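Each chain is listed here by its residues.
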Amino acid sequence: MNEIDNQIKNEKIILIAIMSLSFMFYTSMFYVSPLIPDIITDYNASYVTISSLMYLLFIPQIIFSIYASSLISRFNEKVVVFLGIIFISLGALIFAIDYHFVFLQIGRFIIGVGVALSFVATMTFVSKYFGEKKRATASGFIALTYSLSILFSFNIFGWVAASINYKYSAWLMFMLSLAIGVPFSIAIRCFPTVSEKSIKVVNFMKGLKNKQMLMLALLWLALNMGIGAYLTWIKVFLMSYKGISPILADFLSSMMMLLGFLRPLVGMLSDRLKKRKIFITTSTFGYSMTVLLLPFLEGALIYIDFLVMSIASVFVAPIVLALPGDIMKEDAEVGYGILNTSANIGYLIGPIITAYLFDTTGLLIGFISIGLFFMLSFISVSYTHLTLPTN
């Protein structure tokens, strides 16, 4: 009995530690979003130029997400996560120095490398340590940190930028990376190693040839086109098109993740019911309709729209993050590498397309394109032959 109690205690401690790390690397991705209006003003830059601060974050993630899986196979999750922490902290420092716009771009690129290494290693660790029966539950807690990071980014970093200067927000991110990264780097030495050193060859073609994994990757790509574009440009849209004040725009922008604390419950429910697809379908449809309707709403209807969007956002991430382990089994790291690569392609494409439309056709058409990205994800899960293992 004591052995079981110790195992449960260890799982809780490890999960809390991993959640703190995932909060850090998710925050490093999104803390720039509420700073974008100020950076546009400071550098007098076009929307396409500013979008480089997002796509330079995701280009290295496309490259290094797959490479991270090879590093895990050769070494282990602890080594790869440690490297990720170093890159995130270094990138945040270079961004905070802000001597020139190029410093911002270089900093974002280096952070992207760190996030790629950290994400794949962390999710592989969760998949293998917690096992199939608890996988969606643990993934739900990781997804919770995604929500918290967005709430924190818009409401804290945004508030600091509006009250003082966006450069103080940049330094705050660097300090956060140290405050979480250093203790985690020390604590992780006590964690169990779940990948053996250089035992198997990582076969990425096996993942790409798996029809279910490929369909999941395409779904995730389309969804993250919408999420990436939305989080990059929502504050700009609310301030410039709706005439909303910066601090209120920050709060409304973060409302997408207002109910993120329910994500672990969704993961638990999915594990108990053995249902996956219905949650994804509901979420993608909710995203689509709320974003497409937002430009045409006024007054209290805007708040209702954001609240419905927050409800929709609860369902998808805990399920999708559990599925590579369901589909790929012992090759889970391959599935997570493919999943993260597809997400980053979506994050790369979405903001650029919307920025181009902002510059050439105006804010309304550009914002509608975001809703169409979400609609594409809904279509991909609803009208394809995607049959998940626990459907």
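Preceding this section is the structure that the text describes.
Residues numbered from 1 in each chain as written. Predicted model: local features only at pLDDT ≥ 70, side-chain atom pairs only at ≥ 80, totals over all residues. Heavy atoms only, no water.

A. Quick peek at the pattern of salt bridges. Taken as a whole and assessed by the stated rule, the structure comprises three salt bridges. Of the charged contacts in the structure, one is a salt bridge between K167 and D98, with a shortest N-O distance of 3.9 Å. With K167 in helix α8 (residues 166-187) and D98 in the loop between α5 (77-97) and α6 (101-130), the pair connects residues that are 69 residues apart, well separated along the chain. A salt bridge links K235 to D250; the shortest N-O distance between them is 3.0 Å. Of this pair, K235 sits in helix α10 (residues 211-240) while D250 sits in helix α11 (residues 246-254); the two residues are 15 residues apart in sequence, bridging distant segments of the chain. Assessed through its relative accessible area of 3%, K235 is described here as buried. (Salt bridge = Lys/Arg side-chain N within 4 Å of Asp/Glu carboxyl O. Helix = DSSP H or I, 4+ residues; strand = E, 2+ residues; numbered from the N terminus. Buried < 20%, exposed > 50% of the residue type's maximum accessible area, 1.4 Å probe, protein only.)

B. Representation of the environment of G158 in the model. Secondary-structure assignment places G158 in helix α7 (residues 135-163). The class for G158 is buried, based on a relative accessible area of 1%. Sequence-wise, G158 and L248 are 90 residues apart; in three dimensions their C-alpha atoms are separated by 10.0 Å. Once residues lying within four places of it in the same chain are set aside, the contact partners of G158 are P34, S153 and D250. (Contact = heavy atoms within 4.5 Å.)

C. Local environment of the side chain of S169. Along the chain, S169 turns up in helix α8. Within the local environment of S169, its side chain forms a polar contact with the backbone oxygen of F157, the two atoms lying 2.7 Å apart. From its side chain, S169 meets the backbone nitrogen of A161 in a polar contact 3.4 Å long. (Polar contact = N/O pair within 3.5 Å; in protein donor to acceptor, adjacent residues only side chain to side chain.)

D. The arrangement of helix α2 (residues 36-43) in detail. Within α2 the residues assigned to the buried category are I36, P37, I39 and I40. Here the buried residues of α2 occupy an arc of 165° about the axis, which is enough to place them on one side. At the exit of α2 stands N44, carrying a positive phi of roughly 50°. (Arc of directions from axis to C-beta.)

E. Here's a closer look at the packing of aromatic side chains. Summed over all chains, the structure comprises 20 aromatic pairs. Pairing Y26 with Y146 gives two aromatic rings, centres 5.0 Å apart and planes at 90°, and the pair type is edge-to-face. Highlighted residues: Y26 in helix α1 (residues 2-30) and Y146 in helix α7, separated in sequence by 120 residues. Relative accessible area serves as the criterion here: at 6%, Y26 is assigned to the buried category. Judged by its relative accessible area of 9%, Y146 is buried. With a centroid separation of 5.5 Å and 85° between ring planes, the pair formed by F152 and F157 is classed as edge-to-face. Residue class for F152 comes out partly exposed when judged on its relative accessible area of 27%. Here a set of aromatic residues connected by ring pairs shows up, and it is made of F25, Y26, F30, F58, F119, Y146 and Y347. (Phe/Tyr/Trp six-rings, centres within 6.5 Å; stacked < 30°, edge-to-face > 60°.)

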